[in-house]
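# Working through the structure, step by step
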Amino acid sequence: MGMISSLSILLIGVLISCKGKLDEPKEQTATADEKKDNVIEIVTEDMDFQMPDTIPSGWNTFRYKNLSPQTHFFLVDKYPEGKTTKDAEEFVMPVFDDAMKLIMEGKSEEGFAEFSKLPDWFGEVVFVGGSGLLSPGQVGETSFHLKPGEYIVECYVKMSNGVFHTSMGMTKDLVVSPTDSGNEQPAADTKISISTTDGIVFNDSISSGEHTFSVYYKDQTVHENFVGHDVNLVRLAKNANLNELENWMNWANPEGLMEPAPKAVTFIGGVNDMPEGNTGYFKAKLTPGNYMLISEVPDASSKNLMKIFEVSE
């Protein structure tokens, strides 16, 4: 990611790692059908991640069902050894709440200054992948490689009052065991690369039907909103407002990533923030029409991180 200030590193951690407390989560294990299918099911009905507490290492495919009325994604964070959602609740949430309140009041400078109060260990947080944004009722499949260890799963879309979903309890501790899944790396029919130099690059001659996309992170960096780039697939209706969508994809805008999502757009998956050199995969069934690949960064169009394409019959 290159050299960045310690404050920026702290901000990256808080903006996508502020954790709310779950209400007494039940132990969950994958069902026989899930094991047979070699897919890890994740279901959101409210502000929750219904999924196994422990999964195997190696290549895993996650089938994320958004059964809630809000837009969501899931992101997997590698925290420093021994740190969990409880540490985030104790050391992050008070700072986070104070900072976001100031930002929502239009006091951005004062709000960002609050983040300097975060613990130093936030600089060690690594974001290892996850799904792109999913609109209500959508199902997305995302595959990526995980090493054994302890992780945190989260979603940081905002409520209509500016409160992040993480503050509403949308986090989960996840253990990745030393046992390998035995899954092979997926094969893709459509390849995407993403970088700061070239933006999003892919062959946009795509026909209708089901596709498996690979997303290669040629590099990763910290953008003006202190997060890295990612890939989100969006289906566009004829009356979609592209400027509104682009502005919504930047959390640092007061209404960025805030419910409700822009009208006339449907988020159907993608691959969330990953380190340089990594590759993730996602599936999508495309019908004829207009689509977009876009990153969650400020001014995505000027960075070639916002690409419109048409799907033919």
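Residues numbered from 1 in each chain as written. Predicted model: local features only at pLDDT ≥ 70, side-chain atom pairs only at ≥ 80, totals over all residues. Heavy atoms only, no water.

### Focus: the overall build of the protein chain
Per the secondary structure count, the protein chain includes 6 helices and 16 strands. Here the analysis covers contacts within the protein chain between residues at least 6 apart in sequence; of these, 74% occur between residues at least 24 apart. If you sum the accessible surface of the protein chain, you get close to 13,800 Å²; carbon and sulfur atoms cover 48% of it. (Helix = DSSP H or I, 4+ residues; strand = E, 2+ residues; numbered from the N terminus. Contact = heavy atoms within 4.5 Å. Areas by Shrake-Rupley, 256 points an atom, 1.4 Å probe, with all protein chains shown as cover.)

### Examining the environment of S312
Within the secondary structure, S312 sits in strand β16 (residues 306-312). Along the chain, S312 and P288 lie 24 residues apart, while their C-alpha atoms are 5.1 Å from each other. Sequence-distant contacts of S312, that is, excluding residues within four places in its chain, are made with I206, S207, S208 and P288.

### A look at the pairing of strand β14 (residues 279-286)
Counting buried residues in β14 gives 6 out of 8 residues, a clear majority hidden from the surface. With 3 bridges connecting them, strand β5 (residues 139-146) and β14 associate as antiparallel partners. Each residue of the ladder has a partner; that of S143, found in β14, is Y281. As paired elements, strand β11 (residues 209-217) and β14 share 8 bridges and run antiparallel to each other. Looking at the pairing, G209 lines up with L286 of β14. (Buried < 20%, exposed > 50% of the residue type's maximum accessible area, 1.4 Å probe, protein only. Pairing = 2+ DSSP bridges.)

### Some thoughts on unusual backbone geometry
For the peptide bond that leads from E259 to P260, omega is 0°, which places it in the cis range. Its place among the elements puts P260 in the loop between α6 (242-248) and β13 (265-271). Unusually for a residue other than glycine, A264 sits at a positive phi of about 70°. Secondary-structure assignment places A264 in the loop between α6 and β13. Relative accessible area serves as the criterion here: at 23%, A264 is assigned to the partly exposed category. Phi is positive for D299, which is not a glycine, with a value near 50°. Tracing the sequence through the fold places D299 in the loop between β15 (289-294) and β16.

### Quick notes on the packing of aromatic side chains
The tally for this structure, following the rule as stated, stands at 17 aromatic pairs. Ring geometry for F73 versus Y156: centroids 4.8 Å apart, planes at 75°, classification edge-to-face. Taken as a pair, F73 in the loop between β2 (54-66) and β3 (75-78) and Y156 in the loop between β6 (149-154) and β7 (171-180) lie far apart in primary sequence, 83 residues in all. Feature note: the residues F49, F62, Y64, F74 and F144 constitute an aromatic cluster, connected by ring pairs. (Phe/Tyr/Trp six-rings, centres within 6.5 Å; stacked < 30°, edge-to-face > 60°.)

### Regarding the pattern of salt bridges
Per the stated rule, a full pass over the model turns up 8 salt bridges. Between K107 and E105 there is a salt bridge whose closest N-O contact spans 3.7 Å. We classify K107 as partly exposed; its relative accessible area is 38%. The residue K117 makes a salt bridge to E114 at a minimum N-O spacing of 3.2 Å. A residue is classified by how much of its surface remains accessible, and K117, at 56% relative accessible area, is exposed. Connected via shared salt-bridge partners are E41, R63, K65 and E141. (Salt bridge = Lys/Arg side-chain N within 4 Å of Asp/Glu carboxyl O.)

### Focus on the sheet that holds β15
Here we have 5 strands laid out as an open sheet, ordered β10-β16-β15-β12-β13, and mixed in their pairing. Here the strands that pair on one side only, and so sit at the sheet edges, are β10 (206-207) and β13. In this sheet, β15 lies alongside strand β12 (residues 231-236) in antiparallel orientation, the contact comprising 5 bridges. In the sheet register, L236 faces β15, and the bridge partner there is N290.

### A look at the nonpolar core
The biggest cluster of nonpolar side chains holds 80 residues, and the ones touching the most others in it are F49, F74, L146, L233, F282 and L286. Here this core takes 6 residues from helix α4 (residues 93-104), the largest share from any one element. With near-sequence residues (within four places) excluded, F74 lies in contact with I42, F49, F62, Y64, G129, G130, S131, F144, V153, E154 and N272. (Core = buried A, V, L, I, M, F, W, Y, C linked by side-chain atoms within 4.5 Å.)

### A few points about α4
Taking 1.5 Å of rise per residue, the 12 residues of α4 would be expected to cover 16 Å, and the 16 Å separating its terminal C-alpha atoms lies within 8% of that figure. For α4, the full list of buried residues reads M93, V95, F96, A99, M100, L102 and I103. Following α4 by one or two positions, G106 adopts a phi angle in the positive range, close to 85°. (Expected span 1.5 Å × (residues − 1).)

### What to know about the side chain of S195
The topology assignment puts S195 in strand β8 (residues 190-195). Of note is the side chain of S195, whose polar atom sits 3.2 Å from the side chain of T197. Reaching out from S195, the side chain makes a polar contact with the backbone nitrogen of D198 at a distance of 3.0 Å. Those residues in contact with S195 that lie beyond four places of it in its chain are K218, D219, H229 and L305. (Polar contact = N/O pair within 3.5 Å; in protein donor to acceptor, adjacent residues only side chain to side chain.)

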